[in-house]
Structures are given as structure tokens and as C-alpha cells.
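Residues per chain, in single letters:
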Amino acid sequence: MREYKDEIGRLLEPLVNLTAARIMDLLEVPPEPQLGDLAFPCFSLAPVLKKSPAAIAEELSRKLSGQRGTFWEKAVSRGPYLNFFLDPVVFARDTLARILKEKTDFGKTNIGQGRTVVIDYSSPNIAKPFGIGHIRSTVIGHALYLLYQALGYRCIGINHLGDWGTQFGKLIVAYKRWGNEAELLADPVNYLFQLYVKFHQLADKEPELEYEARFWFKKLEEGDAEAYDYWNRFRQMSLDNYNQIYDLLGIKFDFFHGESHYNDMLEGVIRLAREKGIARESEGALIVDLEPHGLPPVMLQKKDGATLYITRDLAAAIYRYETFNFARALYVVGAEQKLHFQQLFKVLELLGFEWAQNCFHIPFGLIRFKEGRMSTREGNVIFLEEVLQRAIRMAREIIEEKNPGLADKESAAIAVGLGAVRFGDLSNDRIKDIEFDWDKALDFSGETAAYIQYAHARICSILRKAGGAELTWSDDAAAYLQQEEERALVKILALLPEKVLASAEAYRPSILARYLIDVARGFNRFYHRCPVLGSDAALQQARLLLIDATRQVLVNGLALLGIAAPEEM
RNA sequence: GCGCCUGUAGCUCAGGGGACAGAGCGACGGAUUCCUAAUCCGCAGGCCGCAGGUUCGAAUCCUGCCAGGCGCACCA
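Being a predicted model, the structure only gives us computed values, none of them experimental.

Chemist: Before we move on, can you summarise the overall build of chain A with the specific residues and values?
Modeler: A count of helical and extended segments in chain A gives 22 helices and 13 strands. Of all 569 residues assigned to chain A, the portion counted as buried reaches 51%. Sequence-distant contacts in chain A: of pairs separated by 6 or more residues, those separated by 24 or more amount to 74%. Put simply, chain A shows about 25900 Å² of open surface, and 49% of that area lies on carbon and sulfur atoms. Of the charged side chains in chain A, 68 are positive and 77 negative; the average position of the first set lies 4 Å away from that of the second.

Following this line, the structure appears as C-alpha cells:
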């Protein structure tokens, strides 16, 4: 669409007193296709020319009457707008040729030019089960990783495991008191979770448990061998479990640098804060006063000498910059931690790190129950593993019912089941809270991944039936695509690159997800109106090229969301 | 108490200055001798939380209020 706007910008520049760039900026897409393809609103010219916007539009259309450009065939005034109609044949030829030539590269650009983006995502807390609450960071972060890669950035995915902190003291206490080796080995993560819940139930009545837990965490920080052995075992058991889920989801990280990774850098952070004169003692603890910046104070060190979450985050940020020299660092972490990141970035700035301005918190809303918030402590969680398995099982049942003859039901079920769960998290604006509902999580109709995948599978089916021979592009084909549904579909397909860009820049995978729904809808309308196979040879060829391009757009788009596109389902 | 986020159709949500506010689900009515009906078409359903303001123009920006959610030094 850029080339078209560019042409119109240059066309109008001498006629109105605006730069081509400004005109391109003003151009918008009319709400109805009958109105045209691109509209130039004349409102802003009215006060300058002392004429009504409608009169200006009218005058411009008179000046352009009888003219046509490379891409547009006519310009018509309509109220205060000057509406351009693109030449549908030229447009279809350009768009389809480009998609079919670029193939999997369609939608990608190189505006990143190899610069580095560090993305911190997933980051579950070790020794707790992987709950449904963690899927958002995992899935959104992974989509951003793929999107930035598509823009030519070098992405570094870091899983900032919550593998340090008082919860390990709690687990050690719980295991020493009530633990059973056989039960632990049988189902490690679940068992550790039960111990964690039990600890909190009893800690309400026996406050000395909390005291003991802090004691054991202190020992762990001091390098006590027994504490370390427990920690290391619990950590490894959890990681083994998480890796199964990541494998199933096809998610990879470049580094599993958890909080523990930064232990020997904490002293340096504290020393630096003292040197810079931003840290001071308060009630026995070491704090950074952020009041001049309108933020609550940050604590770097407790009065018992132990460090906190933010101390480790400071060390991690500095380490990441020194190691990767990032152009941007993204933290895909829940919105409830907004203040934490404001404080983190401010302290980095006060420490003199200019790159602090390139650090961004990418927040997302909570997943809640109707009854209220999920809480690991209260054992009130839904395991992601269970959600994924149920989704796959349900997809399998539907396939059994709809397409009993399908050869590979299992891989289709996995693609559809996992796609549904992922899409549920990606399709809505990430900032909104999600109320967890089994029916919604397992829904395969309407605006879901299955809708998109189904359109893709249908296209593949038609292409198979057409003989599967390599389609050859012909510039003449575009002239045969005259139906309204065909032209509408072409217009949608052309949008992929700008949607990918917008999605990445706004850190909102939902923009791409919504767009793919539009593509699938455009295809379905075409499908019902325009038979592909059995139409006359030239038309069939043109339609095969159109659906092949559609297939490519769906595949490319779904890939950027981490969703599989099965050829049959 | 202070701060941040959210409020659009019965429900879940798009749209985030510009042409009559859009989908999905649910309800109702249709479409298959033909490429997968996980589809498509139609119909019904709206003081865009409330009140002011800015603007030629506000669901969209600003202010106040209301409702819900989330935060605010020894958890992460």
C-alpha cells in the first residue's frame, strides 16, 4: 500500500500546499469499498484556502478528471473527501506476483538491520507448577520474538526463571518436615506444589515456619552445601517439567538465565549504587529514594543483608546490556508489576546508564477466575499442561466427528488444540484481564485459530485436487479476477507486511491475529461465491493463484504467532 | 489515602480524532446433486459508564465523577 500512497502523495503535492509525506500521512482507507480505495480528507485545507472541504475535494477531482496513474484509475470527490480508485487489475497483479515470488518472506522486512532485541519472557517460578497464568508471558513473548525476527532484528530470548528467593527456604523446610522421597520422584512438580501449599496453610498458625524458611534461604545465599543440594534438585526437576511444555509448544529460549544466575553480580550493583551516591541506609536497609521522581523508594538490601527481586533485576539488566549490547530490551511481564519496572528503569537511569531508555515493560492483564484471582499459595491454579491436553483431546474428538477419514488425526489435533489456546491469548488486546473459562479456552468456532486453520486446510485441499503441479505465475491472470469477493480478498492479502510491522511496533500480536481472521473471512466469502475447480481454464488458473497467495499469507501470519497450519483437519 | 489499567450489543471483544459504531458467541430464519457446513447468507440486538470541555468534527483527546481490576520498603 506504501507505493500507492507514495504515488498519490507526489500527485497531490503540487496541487495542495502540503508535502508528499504529509499527504501520505493524511490518506486513509474509506469505510466502504464502493467509496474507493484511498481517501484524501480535505478538512485541514479548509481554513487555509477559505473554502469548504467539499468544495476543495470537488475542485481537486475536476483537476484530475480524465487522468490516471500507474496504480489508480480515477479520483472522485465525495463530500469532503477525494477518493482514489485503484486499478484492480494492476493492484491484483502486483500483489499476487509479489506474494508468490516472496513466498515465506512475504511480510518480512529488514528495518531491524541486525540490531539486537532482548526479550525476557515466560519466566516461571521454579518449584511451582506451570500454571495457566504463565501462558500469557510465554505466548506473547514468543510471538514478539518471532515478529521482531521478521523485521530483521537479532532476537535474544531469555527465560528469567524465578529460581531464587524465599520460596526455596519454604520448600526446604516443608520437604525436611513432611517430605517423602518416593512421592517426590513420582511426580516432582506436583509434589513440590503440594508441599508449598501445605507450608502456607500451616504457616498461618505456626509463624515460626516463616522464620525457619528465611533462615534456610539465608543459608542458601551463603552457599550452604545442604541448602544448595535441595535447591539444585528442585530446580532441575522443575526445569525438566517446563521443558516438556516448551517442547510441546515449540518454544525455544536462547538462555535460561534465572535469577540465580546473577548472584555474584549483586555486590557489584550495590557498590555501584553507593558510589553513585543514590543509595542510603534507612531503618537498617539499603534503599534508593525515588521520591524526587514521583516514585516510591526501592530497597536494594534488606536489613539482614539479603537482596531483593529488584537488585537481581538491576544486575540482570546490566549483564544483558554488557553481553548483548541491545538496541531494545523487552520485559513481557504482567501489568501488576508496572511500578516495579518504572522503578527498575529509573534506578538504571540514575546509575548513569543511558540505555535505560531502551528498556520497555510489555504488560499484560491477569488471568482470573470468576470467583477471583488465582493464587499458587492457596493451590488455586489451573495447570497449563492440563489445559493443553484437554484442548488437544477435544480437537481430536471434533476431528473424529467431522473428518473421520483423516490419515494423521493426531498431529492435526495437536495443531488445532494448541492453536486454540495460543490464539485465545493472542487475539485480544494484551492489557485486558482474561476470565478463565473452560468453554472459551476450548472453543473452536468463530474467531479462533481453528477458523484460520480451516481456511488454510481447505485451500490445501483444493490445491491438491488441482493436481498439485507447480503453479506458474502469469501477468494475465489478474485480469480474470473480477468478482467483488476476489478483489476484496486481494486487498486484504496486500496488508500483511504493514500488519506485521504495526503488530511488532505496538508490541501487540493481537493486531496480526485479528488480521488473519479477516484474511480467513475474506477467503471463506470467496470460497462460497467463486468455484475454483471446474471453472474455465484461465479463470481456474487465476483463482488457483489467488488461493495459493492466500495460503501463503495464512501460513506466514500463523507462523509469526507460533501457530501451526495443518494441511488437513 | 495515592498511583496505574479497564468500562462499546444479552455475553466475549474489535475500532483509539474523520464518511451511517463493527465482529464472534448466543437467539431466530435460510444455504450443501458441486472444491471439507470447524463454512456462508439474512434478521434481531447500542444514551460507546456518567457529566463537562477542546475541535469544523469525539466511542477515540482533556478534566471531574462512578464502577471493576491491579499496585504502593524488608515477597517475586
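Following the structure, the description resumes.
Chemist: Describe unusual backbone geometry, with residues and values.
Modeler: At lysine 103, a position not held by glycine, the phi torsion is positive, near 50°. If you trace the backbone, lysine 103 turns up in the loop between helix 5 (88-102) and strand 4 (116-120). Lysine 103 gets classed as partly exposed once you look at its relative accessible area, which sits at 42%. Here serine 123, not a glycine, exhibits a phi torsion of approximately 40°, which is positive. One can find serine 123 in the loop between strand 4 and helix 6 (135-150).

Chemist: Residue-level account of helix 7 (residues 166-178), with values.
Modeler: When the terminal C-alpha atoms of helix 7 are compared, their 18 Å separation across 13 residues agrees well with the 18 Å that a helix rising 1.5 Å per residue should span. Here helix 7 has its buried residues at Gln167, Phe168, Gly169, Lys170, Leu171, Ile172, Val173, Ala174 and Tyr175.

Chemist: Can you lay out the packing of helix 16 (residues 409-426) against helix 18 (residues 449-465) for me, pointing to particular residues and giving the numbers?
Modeler: Interhelical geometry of helix 16 versus helix 18 gives an angle of 135° and a closest axis separation of 8 Å. Between helix 16 and helix 18, the angle is such that the two are oblique. Counting all contacts with helix 16, which are made through Ala415, Val416, Gly419, Ala420 and Phe423, the residues of helix 18 involved are Ala449, Ala450, Ile452 and Gln453. Split by residue class, the contact of helix 16 with helix 18 holds 7 nonpolar, 2 polar and no charged.

Chemist: Kindly report on the packing of aromatic side chains, identifying the contributing residues and their values.
Modeler: Within the structure shown, the criterion is met by 35 aromatic pairs. Look at tyrosine 4 and phenylalanine 71: their rings are 4.4 Å apart centre to centre, the planes differ by 90°, and that puts the pair in the edge-to-face class. With a gap of 67 residues between them, tyrosine 4 in helix 1 (residues 2-12) and phenylalanine 71 in the loop between helix 4 (53-64) and strand 2 (72-78) connect regions that are remote in the sequence. Pair check on accessibility: tyrosine 4 and phenylalanine 71 agree, each one buried. For the ring pair tryptophan 72 and phenylalanine 84, a centre distance of 5.5 Å and an interplane angle of 85° mean the geometry is edge-to-face. A residue pair is termed long-range when its members are at least 10 positions apart, and tryptophan 72 in strand 2 and phenylalanine 84 in strand 3 (residues 81-86) qualify at 12 residues. Note on accessibility: tryptophan 72 and phenylalanine 84 belong to one class, buried. Here the aromatic cluster, defined as three or more aromatic residues joined through ring pairs, consists of Tyr121, Phe130, Tyr145, Tyr242, Tyr246, Phe253 and Phe256. Positioned over the ring face of phenylalanine 85 is lysine 74, at 4.6 Å from the centre of the ring. Lysine 219 extends its terminal NZ or CZ atom over the ring of tryptophan 216, reaching a point 4.6 Å from the ring centre.

Chemist: Help me get a handle on the side chain of glutamate 259, residues and values and all.
Modeler: Inspection of the secondary structure assignment puts glutamate 259 in the loop between helix 11 (225-249) and helix 12 (266-275). What glutamate 259 contacts, discounting residues up to four positions off in sequence, is His160, Leu161, Gly162, Asp163, Trp164, Tyr309 and Arg312.

Chemist: Got a sec to walk through the state of the cysteines? Specific residues and values, please.
Modeler: Under the defined criterion, the tally for this structure stands at 0 disulfides. No disulfide involves cysteine 359; its sulfur sits 15 Å from that of cysteine 155, the nearest cysteine. For cysteine 359, a relative accessible area of 4% corresponds to the buried category. Residue cysteine 460 stays outside any disulfide, its sulfur separated by 19 Å from that of cysteine 530, the closest cysteine.

Chemist: Residue-level account of the side chain of threonine 448, with values.
Modeler: Residue placement: threonine 448 occurs in the loop between helix 17 (438-441) and helix 18. Sequence-distant contacts of threonine 448, that is, excluding residues within four places in its chain, are made with Phe423, Asp443 and Ile517.

Rules and cut-offs
Residues numbered from 1 in each chain as written. Chains lettered and ligands numbered in written order. Predicted model: local features only at pLDDT ≥ 70, side-chain atom pairs only at ≥ 80, totals over all residues. Heavy atoms only, no water. Helix = DSSP H or I, 4+ residues; strand = E, 2+ residues; numbered from the N terminus. Buried < 20%, exposed > 50% of the residue type's maximum accessible area, 1.4 Å probe, protein only. Contact = heavy atoms within 4.5 Å. Areas by Shrake-Rupley, 256 points an atom, 1.4 Å probe, with all protein chains shown as cover. Lys, Arg positive; Asp, Glu negative; His and termini not counted. Charge placed at Lys NZ, Arg CZ, Asp CG, Glu CD. Expected span 1.5 Å × (residues − 1). Axes fitted to C-alpha atoms, helices over the stretch in contact; angles between N-to-C directions. Parallel < 35°, antiparallel > 145°, perpendicular 65-115°, else oblique. Nonpolar A, V, L, I, M, F, W, Y, C, P; charged D, E, K, R; others polar. Phe/Tyr/Trp six-rings, centres within 6.5 Å; stacked < 30°, edge-to-face > 60°. Lys NZ or Arg CZ within 6 Å of the ring centre and 35° of its normal. Disulfide = S-S within 2.5 Å.

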